[in-house]
Amino acid sequence: MAVNKKYMPDEIEGKWQRRWDERGIYKTPELPRNKKYILDMYPYPSGASMHVGHLEGYVGTDIVSRYFRMKGYSVLHPMGWDSFGLPAENYAIKTGVHPEDSTRENIKTFKRQLNSVGLSYDWDREVNSSDPNYYKWNQWLFILLFKRGLAYKAEADVNWCTSCETVLANEQVVEGKCERCEAQVIQKKLDQWFLKITEYADRLIAGLDSLDWLNEVKVQQKNWIGKKGGINISYDVVGCDKKIDVFTTAPVNFGMTFLVVSPEYNLVQKILEGDVQVPKNRLLEVKGYVEDYFIKRRSVKAIDDKTKTGVFTGLYATNPVNNQEVPVWVSDFVLMEVGTGAVQGCPGHDYNDFEFAIKYKLPIVRVIVGPDGDLSPIKRREQVIERGMEGRFVNSEFLNGLGFEEGLQKTMDYFEEKGWGKRVTSYHIRDWLISRQRYWGTPIPMVYCEACAKEGRSWFTTEEGQTLHDRDKNVQGGMAGWYPVDEADLPVLLPKDIDFRPTGQSPITRSESFQEGVVCPHCGGKARREVDTMDGYVDSSWYFIRFADSQNDEEFASQKAIGDWLPVDIYVGGGHVVQHLLFARFFWKVLFDLGLVDKSLGDEPFLKLRAPGWILGPDSRKMSKRWGNVVTPDDIVPKYGADTLRMYEMFMGPFEAMKPWSMTGVEGMSRFLNRIWRLFEETGDEDKQVESDKRVLVLINKLVEKVGKDIEDFSFNTAISGMMEAYNELVELRRSGAKVNWVEVWRNFLLVMAPFAPHMTEELWQTLEGEKKSKVKGLESNVFSSIHQEKWPEFDPSLVQDETVEIPVQVNGRLRGTVTLDSDTAKNEEKVTEEAKKQEGVAKYIEGQQIKKVIFVPGRLINFVV
RNA sequence: GCCGAAGUGGUGGAAUUGGUAGACACGCGGGACUCAAAAUCCCGUGAGCCUUUAAAGCUCGUAACGGUUCGAGUCCGUUCUUCGGCACCA
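Since the structure is predicted, the reported quantities are computational estimates derived from the model, not experimental observations. (Residues numbered from 1 in each chain as written. Chains lettered and ligands numbered in written order. Predicted model: local features only at pLDDT ≥ 70, side-chain atom pairs only at ≥ 80, totals over all residues. Heavy atoms only, no water.)

Draft legend 1. Main features of the overall build of chain A. Along its length, chain A carries 25 helices and 32 strands. Here chain A holds 866 residues, and the buried ones make up 53% of them. Restricting the contact set of chain A to residue pairs at least 6 apart, pairs at least 24 apart contribute 73%. (Helix = DSSP H or I, 4+ residues; strand = E, 2+ residues; numbered from the N terminus. Buried < 20%, exposed > 50% of the residue type's maximum accessible area, 1.4 Å probe, protein only. Contact = heavy atoms within 4.5 Å.)

This is how it looks when you write it as structure tokens:
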């Protein structure tokens, strides 16, 4: 079996990659049985090439995919490109290179790099989100949502760079300034398309329970959705017929001493307009404050200064529980978009209210007493007791003595009975703003007709002017004038005659071809297309469905293909933990509700989720051009080979942990592969008929069991250390003259190592099998049987336990010796006790003492208590 | 500030339901081979103490302190540090 050659990865890796490709051994099975859909989050093909950090997840899923193929599963393991997005457009602005061209080049580089490490993707299913064949279905989905009333257009704040005159994504705003030109970023109101994800908020929470996801991620999603139960309370303003509606989760109303409204609150407008009378000096102060607010608000997005400011309006409102009149203030710490835009100040029991009360010397009333029994007036922050903390009601009449939570519920019951308020549920999650005033994205396939808009017509209205769709009522603005593009006319192509330099409008506005011959689908009059494009998150919210049927021209994916492959069994990727996963789950649920996803598939798309940890540079800093610490596969593969890269990267540490790259670590792994290669070479001439010692059989069976289990647990590092241990033991056994059937050993060893080091194991496998088949000339022959099409070895459960075990002997819990026994005896308490007492080190400690108790864990440990 | 995760040798890390802490590797030290080097192989490697020709033995040790237990890296409480997320959310 001698290879007669040094391990030269560069000589074997390319060769096998080509042969695997020719034979199509990673093609997805046509008729899946026992399917596993194993998916990586598809990458953005950036101009900076891929680095080893990207690879961690890809190698992990590759190992898992190869393992499940060997276990007899039909595996779908595809890859594609999230290729729409800002970097390509910014690059175009800077250099004039069209995004389409730079994207194509970047994809080429990424694909070459992925292939260089031997990843087993089925490239026949590749998707590319900037390809019209892909974004056609993106547009189709948008229309689907629109027709269901799940897409609407409304006015919203956007980040606006005053110098570039363009909209910026949140990530592009750094400390209130434009990332590119450092000019001031302001908030600007623009008409924007939204998707109604809030309608699914409850189901997005409920679905999480059944998923095999990191708890951390579930918690983050729940926090993002931010569901809270509370009550809306309506307060009468003294001296006029106005009311102030407040939302609160903690109506400790006997401790309520003021109300605060947002500067954008309706009542403030009424004051300024003179509709509600307030003293002159109050009016002036409110006016000044509100004007200042609008200027400030339009300036910086990130207001680091959280010092609270506010002014008294001169108005009072009545607290119904005790008929006390409390002052009404205006403050920008109350956000219009949260709750009702007005809050009740209960400064003893809310940190924000407390801070405000201290600053403006408003009264603070204690109505909750904590476990410390402190009943003194609340003067310090530490004394504040918020909802969720332990406490009982005091100074609250009929509530006194009740627990905090119980008292709040009783208060809400009481308010509802009296008609002063109504329980409501509030959410932190907002509808998903998908409009981008940018070029490099999917055009939103909508047409606007001015004439129809004037008549109040839209896709949702009938000839008689009636609402066609009941959901129209939910849609803000009524969508007058808006019609989806006819599905037969999709895709709406992204125009190419574009000057994408920023001017303050969507770049597509300046395309001459884009609006040519656009007519209103309803009245046939001249109309115009929407010029905004979609957020890239829309593309990535359903690409995993397209992979099931990526070449389909008739549908976004056939029902059969979806039923065959989805949901995704294992989903791996870092970052994007909150947004992408929420959006994708939302899309899936919508499709599920519409029957486009069969009910039997369930309403969750990703059953198991794992996130690879960051790989840091050798200097333990985040890999970045700036630090010059970026390691790419191109730095490693030519010198050490793909297998070393894969093995090292998986050996570094736990899959999900953050870990620094180490070049000496890479060399260490390279040495290990060389040792394997050499041992294989050296054991070639051993007698093949020999029957292995039981120790050898146990070693192999344990290895097969361990590696399989570890792969399923994503514990690749321990799988590899298991292989190293097995190697070390084999060397030791060989040295000690044990009988080893090396063919049998290698067959198992190579098979369990194959998912990790596919090239090297293939080379050795062909040598091994070639010998068996008396030289079929594996390399030249077209009929070779790849190790990657072999079955995963079975292990014999009776052979995974060592013949002898070492039992630690403790006295009073301290280790005083060990006894080595065969594994059966080690389970027998009497015998173990007998042996243990004979131990010199043990006898010393129990001599002359009375043994009070013996703790015996069969096969594990014995402990004498004296 | 709030929510979440994590702290183990010089380094990356291992350790079923609580049951021999430091597997495996890197680094380092020593040795073999060599004219020499590289490569390779072998031995040692948590800290301290004692005794010694040697073998062995003892004590401490998993961020800090306390608790539960025959026994704690693992469970409970408090504190500190680091990382991730959200952030004037009422």
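Draft legend 2. Representation of the sheet that holds strand E18 (residues 421-426) in the model. Strand order in the open sheet made by the 3 strands is E11-E10-E18, with antiparallel pairing throughout. Both outer strands of the open sheet, strand E11 (243-248) and E18, are each paired with one neighbouring strand and no more. Neighbour-to-neighbour, the strand axes of the sheet open up by a mean angle of 30 degrees, direction not taken into account. In this sheet, E11 lies alongside strand E10 (residues 228-236) in antiparallel orientation, the contact comprising 6 bridges. For Tyr 235, the partnering residue across the bridge sits in E11 and is Ile 244. (Pairing = 2+ DSSP bridges. Axes fitted to C-alpha atoms, helices over the stretch in contact; angles between N-to-C directions.)

Draft legend 3. Up close: the protein's contact with RNA strand B. Around RNA strand B there are 51 residues in total, and Lys 228, Thr 249, Asn 352, Arg 814 and Asn 863 lie nearest to it. In the interface set of RNA strand B, defined as its atoms within 4 Å of the protein, sugar plus phosphate atoms amount to 65%. One nitrogen or oxygen atom from the side chain of Lys 308 is found 2.8 Å from a base oxygen belonging to RNA strand B. Note that a base nitrogen of RNA strand B is positioned 3.4 Å from one of the backbone N or O atoms of Val 338. Contributing elements (two or more residues each) for the surface near RNA strand B: helix H7 (215-225), E11, helix H19 (663-682), helix H21 (716-735), strand E29 (804-811), strand E30 (814-822), strand E31 (853-857) and strand E32 (861-865). Ranked by residues supplied to the surface near RNA strand B, first place goes to H21 with 7 residues. Classifying every residue of the surface near RNA strand B by side-chain character gives 19 nonpolar, 16 polar and 16 charged. (Near = heavy atom within 4 Å. Polar contact = N/O pair within 3.5 Å; in protein donor to acceptor, adjacent residues only side chain to side chain. Nonpolar A, V, L, I, M, F, W, Y, C, P; charged D, E, K, R; others polar.)

Draft legend 4. Spatial organisation of the pairing of strand E12 (residues 258-261). Here E12 shows no split at all, with Phe 258 and Val 260 on one side and Leu 259 and Val 261 on the other all buried. Direction of pairing for E12 relative to strand E15 (residues 342-345): antiparallel, over a ladder of 4 bridges. When the bridges of E15 are listed, Val 261 appears paired with Ala 342. Strand direction decides the pairing type here: E12 and strand E14 (residues 324-330), joined by 3 bridges, are parallel. Its bridge partner being in E14, Val 261 is matched across the sheet by Val 330.

Draft legend 5. Up close: the sheet that holds E30. If you walk across this open sheet you meet the 4 strands as E30-E29-E32-E31, and the pairing is mixed. Of all the strands in the sheet, the pair left with one neighbour each is E30 and E31. On average, each strand axis in the sheet is tilted by 20 degrees relative to the strand beside it, whichever way the strands run. Looking at chain direction, E29 and E32 are connected through 3 bridges and run parallel. From the neighbouring strand, Gln 810 faces E32, where its bridge partner is Asn 863.

Draft legend 6. Representation of the confidence of the model for chain A within the structure. For chain A, the average pLDDT comes to 89, and 94% of its residues sit at 70 or higher. The lowest-confidence element of chain A is strand E7 (residues 173-174), averaging 66 in pLDDT; the highest-confidence one is helix H14 (residues 543-546), averaging 98. Low confidence marks residues 774-778, where pLDDT is under 50. Its contacts with residues over four positions away, or in another chain, come to 5 contacts. ipTM for the predicted complex: 0.94, alongside a pTM of 0.92. (pLDDT = per-residue confidence, 0-100.)

Draft legend 7. Geometry of helix H11 (residues 404-418). Its 15 residues place the ends of H11 21 Å apart at the C-alpha level, agreeing with the 21 Å of an ideal helix rising 1.5 Å per residue. All of the buried residues along H11 are Phe 404, Gly 407, Leu 408, Thr 411, Met 412 and Phe 415. Taken around the axis of H11, the buried residues stretch over an arc of 140 degrees, which confines them to a single face. On its buried side, H11 packs onto E10, strand E16 (368-369), strand E17 (392-393) and E18. Positive phi appears at Gly 419, one or two residues downstream of H11, with a value of about 80 degrees. (Expected span 1.5 Å × (residues − 1). Arc of directions from axis to C-beta.)

Draft legend 8. Geometry of the UniProt feature "binding site: ATP" (unreviewed entry) in chain A. Listed under "binding site: ATP" (unreviewed entry) in the UniProt record, and renumbered for this structure, are Lys 625. By the secondary structure assignment, Lys 625 is in the loop between strand E27 (615-616) and helix H17 (633-640). (UniProt positions renumbered as here; feature names shortened; annotations may be inferred.)

Draft legend 9. Local environment of the side chain of Lys 308. Looking at the element boundaries, Lys 308 is found in the loop between helix H9 (280-299) and strand E13 (311-319). Polar side-chain contacts of Lys 308 include one of 3.1 Å to the side chain of Asn 352. At 3.3 Å, the side chain of Lys 308 forms a polar contact with the side chain of Glu 355. Not counting residues up to four positions away in its chain, the partners in contact with Lys 308 are Phe 333, Asn 352, Glu 355, Phe 356, Lys 359 and Tyr 360.

Draft legend 10. Looking closely at a positive patch on the surface. Positive charge collects at one region of the surface, where Lys 6, Arg 671, Arg 675 and Arg 678 lie side by side. Within the secondary structure, Arg 675 sits in helix H19. (Patch = residues over 30% accessible without salt bridge, like charges linked within 9 Å, V, L, I, M, F, W, Y side chains within 5 Å. Areas by Shrake-Rupley, 256 points an atom, 1.4 Å probe, with all protein chains shown as cover. Salt bridge = Lys/Arg side-chain N within 4 Å of Asp/Glu carboxyl O. Lys, Arg positive; Asp, Glu negative; His and termini not counted. Charge placed at Lys NZ, Arg CZ, Asp CG, Glu CD.)

Draft legend 11. Fine view of the packing of aromatic side chains. By the definition in use, this model includes 56 aromatic pairs. Between Trp 137 and Trp 140, the aromatic rings sit 5.8 Å apart at their centres with planes inclined by 70 degrees, giving edge-to-face as the arrangement. With Trp 137 and Trp 140 both in helix H5 (residues 132-147) and 3 residues apart, the pair spans about one turn of that helix. Trp 140 sits in the buried class, given a relative accessible area of 14%. (Phe/Tyr/Trp six-rings, centres within 6.5 Å; stacked < 30°, edge-to-face > 60°.)

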